[in-house]
Amino acid sequence: MNFWTGKRIVIGLGGGIGAYKTLELIRLCRLAGATVVAVPTAAALEFVTGLTLQALSGAPVRERLFAPLEPDGMDHIRLAREADLVIVAPATADLLARMAQGMADDLLTALLLAQRGPVLVAPAMNPAMWEHPATRRNVTTLQEDGIRFIGPQSGAMACGEEGLGRMAEPVMILETARRLLTPAILAGRRLVITAGPTREELDPVRFISNHSSGKMGWEVALAALRAGAEVDLVHGPVALAPPMGARMFPVGSAREMLDAVLGVWLKTPGEPLCDGAILSAAVSDYRPADRKREKIKKSGASEDMSLELTENPDILAMLSAWSGLRTREGRQRVVVGFAAETEQALAHGQQKLLRKGCDLIAINDVSAPGCGFGAETNAVTLIGREGPEESWPLLPKEQVAERLIRAVAGLLDRACAWRG
Ligand code: C5P
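Treat the numbers as computed from the prediction; the structure is a model and nothing was measured.

Undergrad: In this structure, what is going on with the overall build of the protein? I would like to understand it.
TA: Each helix and strand counted, the protein has 13 helices and 21 strands in total. A buried classification covers 49% of the 420 residues belonging to the protein. Expressed as a percentage of contacts within the protein between residues at least 6 apart in sequence, the contacts between residues at least 24 apart total 68%. Surface summary for the protein: the accessible area is close to 20000 Å², and the carbon and sulfur share equals 53%. Looking at the protein, you have 46 positive and 48 negative side-chain charges, and the mean spots of the two groups are 2 Å apart.

This is how it looks when you write it as structure tokens:
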């Protein structure tokens, strides 16, 4: 099921110009499948109208403490009780101050006091107001109370100044909200993930590559980040925005990918070793034996041309060979590969698992409808060293990634238990 379906979000708005971005946030939340109730302060309604909020949220706007819509007259309690999450965006200096004091002098602050579940705050104000000692004190108090912050970001402000104070972008707020609500089954773990195609150059203007879009690896990275992992994402050329919070390692060729992956896998100075690797990149198996320094010219004699290719290193096999190296805590490391097959997927996947020596392999038949390069969905069978683990129906890649991450977390926990 879609993550946001059935989730109820209360979006509280303070009176700041950032409120115009909150309209987009409400739209995104609803598009994602959540139910939204907008609770503006009186000041927020100076910036956006109740009608706009109602039209976008698709629900009556709750604005007044003493004009309740609920039959029992306790809107503040009921809204808090029913909310999976409260987002405050924009959170102005005044609103933060009232929240830090535990005031309940309007509907929004009253429901925030009554809220037992998570609260996410996206501040937005002039940089001087954000830096003011009073605001600093209020932010510290609220963080100590367990409230999560996203932003503010640095940049040009509506007041004409440059600095820290812009409200975080709506997509970032929604992604942070999702992470807040996702069980942190990979907290404290670090994963290296590969994604996308590689490019093997023939000369300065041409290359051999494949149709990989990078979507599967991106979803795996997002699922790992949502589960609380640190992620190093080593990727070939793709047209996708970086997943929020991932450390990005853009590469071109398979050999560059190998260098970047090994750099992270073997040791990054000052960093803990990775706990696992999930290699979803479509690495070119071969590269031109001799990359020409100048552009290859036509011979002019209408002759066929042949290319000599040489085999690329197998990153998955190499990492598996190094997986005996323990993490700093003495944990066994876990290596996961993908197998894109066009026939006898299970048999070929099983052979691949043995040949490459990894712990898990996610097999998919790329010739099946809805699967393969660029598709939004995938049908995967997961096999481990002891045989088939799970077989999943055709699912959106996001859900395939979530299931894969659950399996990896389980394997890491088991690896931990074996080590005592
Ligand atoms: O052999 P095949 O390309 O089908 O193997 C697929 C798996 O191996 C994927 O996990 C892919 O990322 C990995 N691989 C690799 N290095 C290569 C070829 C494949 O890591 N040179």
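From this point, things continue past the structure.
Undergrad: Mind showing me how you'd approach the pattern of salt bridges here?
TA: Here the idea is simple: oppositely charged side chains can pair when their charged atoms come close. This structure, assessed with the given rule, holds 23 salt bridges. Here aspartate 413 ties to arginine 189 by a salt bridge, and the two come within 2.8 Å at their closest N and O atoms. Here the residue aspartate 413 occupies a position in helix H13 (residues 397-418), and arginine 189 occupies one in the loop between helix H8 (170-181) and strand E8 (190-195), the gap between them amounting to 224 residues. A network of salt bridges, in which partner residues are shared, links Asp94, Arg98, Asp105 and Asp106.

Undergrad: Would you explain the packing of helix H4 (residues 93-101) against helix H7 (residues 133-144) in this entry?
TA: Packed helix pairs are characterised by how far apart their axes lie and by the angle those axes make with each other. Two elements in contact, H4 and H7, have axes whose closest approach is 9 Å; the angle formed by their N-to-C orientations is 50°. With respect to H7, the element H4 is oriented oblique. Note that H4 runs across H7; the crossing there is left-handed. Of the residues in H7, those touching H4 at Ala93, Leu96, Ala97, Met99 and Ala100 are Thr135, Asn138, Val139, Thr141 and Leu142. Of the residues contributing to the contact of H4 with H7, the split by class is seven nonpolar, three polar and no charged.

Undergrad: How should the site of the ligand be read in this particular structure?
TA: Contacts to the ligand come from Leu279, Ala281, Val283, Asp285, Pro313, Asp314, Ile315, Leu316, Gly337, Phe338, Lys352 and Lys356. The contact in question runs from a nitrogen atom of the ligand to an N or O atom on the backbone of proline 313, over 2.8 Å. Phenylalanine 338 has a polar backbone atom sitting 2.8 Å from an oxygen atom of the ligand. Elements represented by at least two residues in the shell around the ligand include exactly helix H11 (315-321), strand E16 (334-341) and helix H12 (345-356). Across the shell around the ligand, the residue classes tally to seven nonpolar, one polar and four charged.

Undergrad: Would you mind going over the domain arrangement of the protein with me for this structure?
TA: By a widespread convention, an interface's size corresponds to the accessible area lost as its parts come together. Partitioning the protein into domains gives domain 1 (8-181) and domain 2 (190-286 + 311-419). Taken over C-alpha atoms, the centre of domain 1 sits 38 Å from the centre of domain 2. Tallying the contact residues gives five residues for domain 1 and six residues for domain 2. The largest per-residue losses of area from domain 1 upon contact with domain 2 belong to Glu175, Arg178 and Arg179, which jointly make up 87% of the total buried on that side. Where domain 1 packs against domain 2, one counts three salt bridges. Between glutamate 402 and arginine 178 there is a salt bridge, and its shortest N-O distance comes to 3.0 Å. On the surface where domain 1 and domain 2 come into contact, there are four residue pairs in polar contact (both at pLDDT 80 or more). Each residue belonging to the side of domain 1 that touches domain 2 can be placed in one class, and the counts come to one nonpolar, one polar and three charged.

Undergrad: What should I look at first to understand the pairing of strand E9 (residues 200-203) in this one?
TA: Regular strands place side chains that alternate from one sheet face to the opposite one. Sheet analysis places E9 next to strand E10 (residues 206-208), joined by three bridges and oriented antiparallel. Bridge pairing links glutamate 201 to phenylalanine 207 in E10. The loop that links E9 with its antiparallel partner E10 comprises two residues.

Undergrad: Explain the environment of cysteine 358 here, please?
TA: Here cysteine 358 lies in the loop between H12 and strand E17 (360-365). Exposure remark for cysteine 358: the relative accessible area of 1% places this residue in the buried category. Expressed as a C-alpha distance, the spacing of cysteine 358 and leucine 316, which sit 42 residues apart in the sequence, is 7.3 Å. When neighbours within four sequence positions are excluded, cysteine 358 is seen to be in contact with Leu316, Ser320, Val335, Gly337, Leu353 and Arg385.

Undergrad: Any chance you could explain the pairing of strand E6 (residues 153-156) here in plain terms?
TA: In terms of strand pairing, E6 meets strand E7 (residues 162-166) through four bridges, oriented antiparallel. Of the residues in E7, the one forming a bridge with serine 154 is leucine 164. Connecting E6 to the antiparallel partner E7 that follows it, the hairpin turn spans five residues, and glycine 160 within it adopts a positive phi of roughly 95°.

Undergrad: Looking at this structure, I do not really get unusual backbone geometry. What am I missing?
TA: Both trends apply: most residues other than glycine have a negative phi, and most peptide bonds are in trans. Residue proline 90 follows alanine 89 across a cis peptide bond; omega there is -5°. For proline 90, the location among the structural elements is in strand E3 (residues 85-91). Of note, the bond from glycine 151 into proline 152 is cis; its omega dihedral lies within 30 degrees of zero at 5°. Within the secondary structure layout, proline 152 lies in the loop between strand E5 (148-149) and E6. The backbone of glutamine 344 sits at a positive phi, close to 45°, despite the residue not being glycine. Within the fold, glutamine 344 resides in the loop between E16 and H12.

Conventions used here
Residues numbered from 1 in each chain as written. Predicted model: local features only at pLDDT ≥ 70, side-chain atom pairs only at ≥ 80, totals over all residues. Heavy atoms only, no water. Helix = DSSP H or I, 4+ residues; strand = E, 2+ residues; numbered from the N terminus. Buried < 20%, exposed > 50% of the residue type's maximum accessible area, 1.4 Å probe, protein only. Contact = heavy atoms within 4.5 Å. Areas by Shrake-Rupley, 256 points an atom, 1.4 Å probe, with all protein chains shown as cover. Lys, Arg positive; Asp, Glu negative; His and termini not counted. Charge placed at Lys NZ, Arg CZ, Asp CG, Glu CD. Salt bridge = Lys/Arg side-chain N within 4 Å of Asp/Glu carboxyl O. Axes fitted to C-alpha atoms, helices over the stretch in contact; angles between N-to-C directions. Parallel < 35°, antiparallel > 145°, perpendicular 65-115°, else oblique. Left-handed = near helix turned anticlockwise from the far one by under 90°. Nonpolar A, V, L, I, M, F, W, Y, C, P; charged D, E, K, R; others polar. Near = heavy atom within 4 Å. Polar contact = N/O pair within 3.5 Å; in protein donor to acceptor, adjacent residues only side chain to side chain. Domains from an automatic or database assignment. Buried area = accessible area lost by both parts, 1.4 Å probe. Pairing = 2+ DSSP bridges.

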